[in-house]
Amino acid sequence: MRFLAFVLRRLLLLVPVLVLVAMITFTASHMVPGDPASLLVGEGASQEEYQAIRRELGLDRPMVEQAVRYLADVAKGDLGTSIRLRRPVAGDIGRFFAATLELGFAAFMLSMAVGLPLGILAAVKADRWPDHLIRLFSLGGVAVPIFWSALVAQLLLYGQLGWLPGGGRYAETMLLQHPVPSLSGLFLLDAALSGRWIMVADGLRHLFLPAVVLAYPSLAIITRMTRSAMLEVISQDYIRTARSVGFTERRILLGPALRNAVPTILTISGLALGNLLQGSILVETVFNWPGLGLYLYGGVTSLDYPVVTGVTLIFSLNYVLINLLVDVGYFVADPRLRYG
Amino acid sequence: MRRSHMIVTVLALLAAIATPALAQGADEAAWRSSLTIGVATEGDTFDPHINVTSVSAQRMHMIYESLIQHRPDGEFVPLLAESWSISEDGKHYTFQLREGVRFSDGAPFDAEAIRFNFDRLFSLGRGPVSQFSLIDEIVVAGPLTVEFVLSEPFPPFLAVLAGSEARLFMSPAAVQANATADDPWATAWAHLNTAGTGAYVLAEWQPEDRVVLAANPNFREPWTEDAITRVTYRLVREPSTSVQMFLRGDLDALETVPLQFRDLLAQNAAVRIVTEASIGGRHQLHVFVNNAHPPLDNLAFRQALAHALDYDRIMHDGFEGQARQARGSLPSSFTPWFNPEATQYTRDLERARELIAASGVATPVELQLVWRSDFREERTIGEIIQSNLREIGVNVTLVEQTLPVWRETIWGGNAQIIFFTQTGRFADPDSILYRYYHSTEIRPNGFNVGYRNDRVDQLMDLARVELDIDQRIAYYHELQQIITDEAANLFMADLLDAFAVAGYVEGVEFNPNYSVVFEAFRLHKDPAAR
């Protein structure tokens, strides 16, 4: 009951948070000098053409009126119409979200699947060469800007060696021969469900490099924090007790040690998942991955307010839900919270 | 999951990712019949009657057609019209339409279809409608004969009809079939669908990803076996990614070549780069001078500025060799209108100092030079100008502005000296020169930042209604001479478009009268040259 009340309270808090985010983003994007009508008509357009576009897009209305209208529409689930593409933003977000979800999920799984074991290994081999090597590797992940690693990885593995594709979700010429119906919007899932295994393989090839690049910073953080959490835990008395009663190191590590490190790991994983969204903007741009990041990039460069505000709302919603999931995870992982 | 199962799964995934067979791509026939063009910008609509951007016009170029078009040398040639005549008073333009042309939905193209399209354009009152404001009446003189009656003679009208914005004609049947009570002109449908007479139709538009055109089954010319039946405009925002994709063969062409990669591509024997000045889009970059702002209203002072600039260094360092020094206010490729005898300023510091002394203007003089943040080369050029003008006692402060703010600076009459890219709506000197140099364009929201000369006004007014082409040429040559002699602006550069195609793509031709467009129907891909 206590748990349900907690979840309900957090969900209700979502509403004022999103309203605040919408107001801040709307205001900030309108404070940028000029307006999107200018970019849309181009530099050679006359004042008459420019004003006509402003009227058509409602940009000639007072800002307060625009803001109120926008918030009222958002409350009804209408995120407005893209100024540049002249399409409903909500529909486009739905289309792009699936691609970002696919990339983000793959990157998250990679960062957890690699980061956790590396962190544990680094803790177990603390201050020996495996630890040093792992820490050096993870230092790269937190220090190197993601756009740099994306460009270098692309240049090396695609441009120079041709081992992997340079961008996109699939090879268009392959798709022409093996069409994949759009069932869920998740390309790999749709290809698998329709039995197009060759397109599953092609999709994986295209997903691999952007996912690895996107995963690297998060993987690095997870590695470092897992190492720290494990080092703290394995110095505790109950670990010494476990050893003294005959538990193997493996059982200790994967049992009480890891379990007690879970709260810290959960926190970092939640932050890492949130960071993946930020990194996706640059990774999607470099690898031409048609996700929310690329959509946002196009919106920012063309002052497309509805797109910028809509995507920011979605990102904010993601952050809040991820944090909620992390808190739920605490409840599950830590009996003291359930019974205390 | 057991460890062994996990290992097998991981190995299978890696094998899938690394499978070399996948890298081979499609078979040869599929490769030959598709053309993939890398583009850096995305259009915003497929309705030519509401379009205001040159990018969208480029995407629609192979879908919608005009009555006539420009040959690369500027001559008008038939397209949907096979012949035309102009009345002696210059107000009646009669076109004989090509027989047997159909829209992509099978409906016939005829004179009634033309009138319908202009009815739609004028009713919507958007997009390129201002280009056709002189049309008083459209007369359907026969099934394949249409007459445009103008309110006054306007010799550039043929250039208007040959321009990108005149590629307008969509199937009336398709519009009517998709019209609703709230949307009688089917704007919602036309935004995302096409029904033109061109060789291609819109097959797919995935925003932030690609536009795909498919062969129009009702195109008037037959499709050969080796024809390109699928064209993909692939949006690639990151310049290095687009160049890599082009070099690896994932793109057959690049619509624009990023400046920083031009030399790299030029050195590649398997790549053909076309670098030329075109009228379409941005064709010249100058520093516009507010002739009404002291001391810029002083002729000798302006000429001094013009003589102080190091044009060679500007071309080399500012444009990295991708521009030619301008000789006045029209690009040199714009024949026959360009005046090759117009004054071209060269760096002569001694002369510049003499002119400063003769001007009576006391130095030092403080000026603000505005540059646009989306054109980084303007900053580099601005710094060169800054150092050049300092030598004659003129201190320049560089001011960065975004496009919207830059526009407000121009329209508000607040500019002193400001970088300005000349563009034209259609390939006629009137389209380019009138808006920048006629005194009636010095107004709030005009693009003339302060130049005024009665003789230039007179020449432009005469040229606008003169039907004799040789006389028109003479008028424009004279006014170009005046404009350059008076250093109305600091004339910088003819901007060179650069696009790249793979060596195996045959038939690409550059037409300086349009922005970069690919007539894919006329192209072929040679597997032997791959």
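Since the structure is predicted, the reported quantities are computational estimates derived from the model, not experimental observations.

A.B. asks: Looking at this structure, how should I read the overall build of chain A?
C.D. replies: Tallying secondary structure elements over chain A gives 15 helices and 0 strands in all. For chain A, the spread of C-alpha atoms along the three principal axes comes to 85 × 55 × 40 Å. Residues classed as buried in chain A amount to 50% of the 340 residues present. Carbon and sulfur atoms provide 70% of the accessible area of chain A, an area that totals close to 16,000 Å². Seen as two clouds, the 27 positive and the 23 negative side-chain charges of chain A have centres 12 Å apart.

A.B. asks: How do you make sense of the pattern of salt bridges when you look at a structure like this?
C.D. replies: Under the counting rule described, the total for this entry stands at 32 salt bridges over all chains. Put simply, Asp73 of chain B and Arg71 of chain B hold a salt bridge, and the shortest N to O gap is 2.8 Å. On the accessibility criterion, Arg71 of chain B (38% relative accessible area) is partly exposed. One continuous salt-bridge network, built from bridges that share partners, spans Glu172 of chain A together with Asp209, Arg210, Arg230 and Arg234 of chain B.

A.B. asks: Which parts of the structure should I look at to understand the interface of chain B and chain A?
C.D. replies: If you look at the interface, chain B gives 59 residues, while chain A gives 58 residues. Across the chain B/chain A interface, buried area totals approximately 4,800 Å², and carbon plus sulfur atoms make up 52% of it. In this assembly, chain B and chain A are joined by 5 salt bridges. With a shortest N-O distance of 3.1 Å, Arg84 of chain A and Glu42 of chain B are connected by a salt bridge. Counting across the interface, chain B meets chain A through 16 residue pairs in polar contact (both at pLDDT 80 or more). Listed by contribution, the elements that provide at least two residues to the side of chain B that touches chain A are helix 1 (3-18), helix 7 (187-192), strand 8 (200-206), strand 9 (210-215), strand 10 (230-235), helix 8 (239-247), helix 14 (403-411) and strand 17 (417-423) of chain B. Here the side of chain B that touches chain A takes 6 residues from helix 14 of chain B, the largest share from any one element.

A.B. asks: Explain helix 8 of chain B to me, please; I cannot follow it from the model alone.
C.D. replies: Owing to its 3.6 residues per turn, the α-helix aligns residues three or four sequence positions apart on the same side. Residues and elements named next belong to chain B. Counting buried positions over the 9 residues of helix 8 gives 7, a clear majority of the element. For helix 8, the full list of buried residues reads Ser240, Thr241, Ser242, Val243, Gln244, Met245 and Phe246. Of the residues one or two after helix 8, Gly249 is the one with positive phi, at around 90°.

A.B. asks: Any chance you could explain the side chain of Arg237 of chain B here in plain terms?
C.D. replies: Inspection of the secondary structure puts Arg237 of chain B in the loop between strand 10 and helix 8. A polar contact of 3.1 Å, which involves the side chain of Arg237 of chain B, links it to the side chain of Glu208 of chain B. Ignoring sequence-local partners within four residues, the contact set of Arg237 of chain B consists of Arg84, Thr285, Asn288, Leu294, Tyr297 and Gly298 of chain A together with Ala40, Glu42 and Glu208 of chain B.

A.B. asks: I would appreciate a short explanation of the confidence of the model for chain A in the present structure.
C.D. replies: Parts of the model with low pLDDT should not have their predicted coordinates read in detail. Confidence along chain A averages 84 in pLDDT terms, with 94% of residues attaining 70 or more. Mean pLDDT in chain A bottoms out at helix 15 (residues 335-339) of chain A, which sits at 60, and peaks at helix 7 (residues 146-160) of chain A, which reaches 94.

A.B. asks: Just checking my understanding: could you explain the pairing of strand 6 (residues 135-142) of chain B for this structure?
C.D. replies: Moving residue by residue along a regular strand, the side chains alternate between the two faces of the sheet. Residue and element names in this part refer to chain B. Note that strand 6 and strand 7 (residues 145-150) share 6 bridges and pair antiparallel. Note that in strand 7 the partner of Val139 across the bridge is Glu147. Hairpin connection of strand 6 to strand 7: 2 residues between the antiparallel strands.

A.B. asks: Can you walk me through helix 3 (residues 47-56) of chain A in this structure?
C.D. replies: Residues and elements named next belong to chain A. Looking only at helix 3, the buried set comprises Gln47, Glu49, Tyr50, Ile53 and Arg54. Across the axial projection of helix 3, the buried residues extend over an arc of 165°, all falling on one side. Looking at helix 3, the residues exposed on the side facing more than 90 degrees away from the buried face are Glu48 and Arg55.

A.B. asks: Just checking my understanding: could you explain the sheet that holds strand 9 of chain B for this structure?
C.D. replies: Judged by pairing direction, the sheet is mixed, and its 7 strands sit side by side in the order 8-9-10-1-11-19-12 (chain B) without closing on themselves. The open sheet terminates on both sides in strands that have one partner only, identified here as strand 8 and strand 12 (271-276) of chain B.

A.B. asks: Please explain the sheet that holds strand 13 (residues 282-289) of chain B as it appears in this structure.
C.D. replies: Two pairing modes exist for strands in a sheet, parallel and antiparallel, and in both the strands are linked by backbone hydrogen bonds. Residue and element names in this part refer to chain B. Read from one edge to the other, the open sheet built from 6 strands follows the order 14-18-13-17-15-16, with strand pairing classed as mixed. Lying at the two open borders of the sheet, with one neighbouring strand each, are strand 14 (323-325) and strand 16 (394-401). If you compare each strand with its neighbour and ignore which way they point, the axes differ by 30° on average. Note: strand 13 against strand 18 (residues 489-495), 5 bridges, orientation antiparallel. Note that in strand 18 the partner of Val287 across the bridge is Leu490. Its contacts with the sheet place helix 10 (residues 299-308) against strand 13, strand 15 (365-372), strand 16 and strand 18, and it is angled at close to 35° to strand 18. Its contacts with the sheet put helix 13 (residues 376-390) on strand 13, strand 15, strand 16, strand 17 and strand 18, and the angle it makes with strand 16 is roughly 165°.

A.B. asks: Looking at this model, I keep getting lost on the packing of helix 5 (residues 89-124) of chain A against helix 10 (residues 197-234) of chain A. Mind explaining?
C.D. replies: For any two helices packed against each other, one specifies the crossing angle of their axes together with the interaxial distance. Residue and element names in this part refer to chain A. It is at 6 Å that the axes of helix 5 and helix 10 come closest, and there the two elements cross at 35°. Of the two elements, helix 5 crosses helix 10, and the hand of that crossing is right-handed. In terms of residue class, the contact of helix 5 with helix 10 is built from 22 nonpolar, 7 polar and 2 charged.

A.B. asks: What should I look at first to understand the packing of helix 16 (residues 454-465) of chain B against helix 17 (residues 469-485) of chain B in this one?
C.D. replies: All names here are of chain B. Where helix 16 contacts helix 17, the axes come no closer than 9 Å and their chain directions differ by 160°. By the angle between their axes, helix 16 is roughly antiparallel relative to helix 17. In the packing of helix 16 onto helix 17, the handedness of the crossing is left-handed. Counted together, Arg455, Val456, Leu459, Met460, Leu462 and Ala463 of helix 16 and Arg472, Tyr475, Tyr476, Glu478, Leu479, Ile482 and Ile483 of helix 17 form the full contact between these two elements. Considered class by class, the residues forming the contact of helix 16 with helix 17 number 10 nonpolar, no polar and 3 charged.

A.B. asks: Explanation requested: the packing of aromatic side chains in the structure shown.
C.D. replies: Centre-to-centre distance and the angle between the planes together describe a pair of aromatic rings. All names here are of chain B. One pass over the full model with this rule turns up 34 aromatic pairs over all chains. Of the aromatic side chains, those joined through ring pairs into one cluster are Trp84, Tyr93, Phe95, Phe103, Phe109, Phe118, Phe122, Phe132, Phe148, Phe157 and Phe169. Just above the ring of Tyr233 sits the side chain of Arg59; from NZ or CZ to the centre is 4.8 Å. Its guanidinium or amino end placed over the ring of Tyr434, Arg464 lies 3.7 Å from that ring's centre, counting from NZ or CZ.

A.B. asks: Quick question: what am I supposed to make of unusual backbone geometry here?
C.D. replies: Trans is the common state for peptide bonds, and a negative phi is the common state for residues other than glycine. Here Thr335 of chain B and Pro336 of chain B are connected by a cis peptide whose omega angle stands at -5°. Along the polypeptide, Pro336 of chain B turns up in the loop between strand 14 and helix 12 (349-359). Between Thr363 of chain B and Pro364 of chain B the backbone carries a cis peptide bond, its omega angle lying at 5°. Even without being glycine, Asp127 of chain A reaches a positive phi, approximately 65°. You will see that Glu208 of chain B, though not glycine, has its phi angle at about 60°, which is positive. If you trace the backbone, Glu208 of chain B turns up in the loop between strand 8 and strand 9. Relative accessible area serves as the criterion here: at 0%, Glu208 of chain B is assigned to the buried category.

A.B. asks: Looking at this structure, how should I read the nonpolar core?
C.D. replies: Generally speaking, a soluble globular protein has its nonpolar side chains buried in company with each other. Grouped together as the largest cluster of nonpolar side chains are 77 residues, with contacts concentrated most on Tyr295 of chain A together with Tyr200, Leu213 and Val231 of chain B. Per element, the largest residue contribution to this core is 7 residues, and it comes from helix 14 (residues 305-333) of chain A. Among residues more than four places away in sequence, those in contact with Val231 of chain B are Leu35, Ile37, Met62, Tyr200, Val211, Val212, Leu213 and Ala520 of chain B. With 43 residues, the next largest nonpolar core counts Tyr50 of chain A together with Ile473, Tyr476 and Phe491 of chain B among its residues.

A.B. asks: Even after reading the chapter, I still don't get the confidence of the model for chain B, so can you show me in this structure?
C.D. replies: Summing up the model confidence of chain B, the mean pLDDT is 91 and the portion of residues at 70 or higher is 95%. Taken together, the chains of this predicted complex give a pTM of 0.86 and an interface ipTM of 0.84.

The rules behind the values
The residue numbering used here restarts from 1 in each chain and proceeds along that chain's sequence as written. Naming scheme: in the order in which they are written, chains are lettered from A and ligands are numbered from 1. Per-residue local features are limited, in this predicted model, to residues with pLDDT of at least 70; the limit for side-chain atom pairs, both in listing and counting, is 80 or more; totals at the level of whole chains, interfaces and linings are taken over all residues. Values shown for side chains rest on all heavy atoms present in the structure; no hydrogens or waters enter the calculation. Each helix is a run of H or I in the DSSP string that is no shorter than four residues. Each strand is a run of E no shorter than two, and both are numbered from the N terminus. Buried means the residue's accessible area, taken with a 1.4 Å probe over protein chains only, is under 20% of the maximum for its type, while exposed means over 50%, and partly exposed covers the values in between. Accessible surface area values rest on a Shrake-Rupley calculation with a 1.4 Å probe, where residue burial reflects the displayed protein chains alone. None of His or the chain ends enter the tally, which takes Lys and Arg as positive and Asp and Glu as negative. Where a charge sits is defined by one atom per residue type, namely NZ (Lys), CZ (Arg), CG (Asp) or CD (Glu). When a carboxyl oxygen of Asp or Glu lies within 4 Å of a side-chain nitrogen of Lys or Arg, that pair is called a salt bridge. We call two residues contacting when some pair of their heavy atoms lies within 4.5 Å. What counts as buried area is the accessible surface, traced by a 1.4 Å probe, that two parts surrender upon association, with contributions from both included. A 3.5 Å cut-off defines polar contacts: any pair of N or O atoms within that distance qualifies, except that in protein one atom must be a possible hydrogen donor and the other a possible acceptor, and neighbouring residues in sequence count only when both atoms are side-chain atoms. For every residue, the predictor states its confidence as a pLDDT score lying anywhere from 0 to 100. A pair of strands is considered paired only if DSSP assigns at least 2 bridges between the two. What the arc describes is the spread of directions from the helix axis to the C-beta atoms. For every element, the axis is a line fit to its C-alpha atoms; helices are fit only across the contacting stretch, and the angle between N-to-C directions ranges from 0 to 180 degrees. Throughout, a crossing is termed right-handed when the near helix is turned clockwise from the far one, and left-handed when it is turned anticlockwise from it by less than a right angle. In the scheme used here, Gly and all other residues not listed as nonpolar or charged are polar, with Ala, Val, Leu, Ile, Met, Phe, Trp, Tyr, Cys and Pro taken as nonpolar and Asp, Glu, Lys and Arg as charged. Working rule for angles: under 35 degrees goes down as roughly parallel, over 145 as roughly antiparallel, 65 to 115 as roughly perpendicular, anything else as oblique. Only the six-membered ring of Trp is used, alongside the rings of Phe and Tyr, when aromatic pairs are assigned; centres must lie within 6.5 Å, and planes under 30 degrees apart are stacked while those over 60 apart are edge-to-face, with the rest tilted. Here, over-ring charges are defined by two tests on the NZ atom of lysine or the CZ atom of arginine: distance to the ring centre within 6 Å, and angle to the ring normal within 35 degrees. To define a nonpolar core, start from buried Ala, Val, Leu, Ile, Met, Phe, Trp, Tyr and Cys residues and group those joined through side-chain atoms within 4.5 Å.

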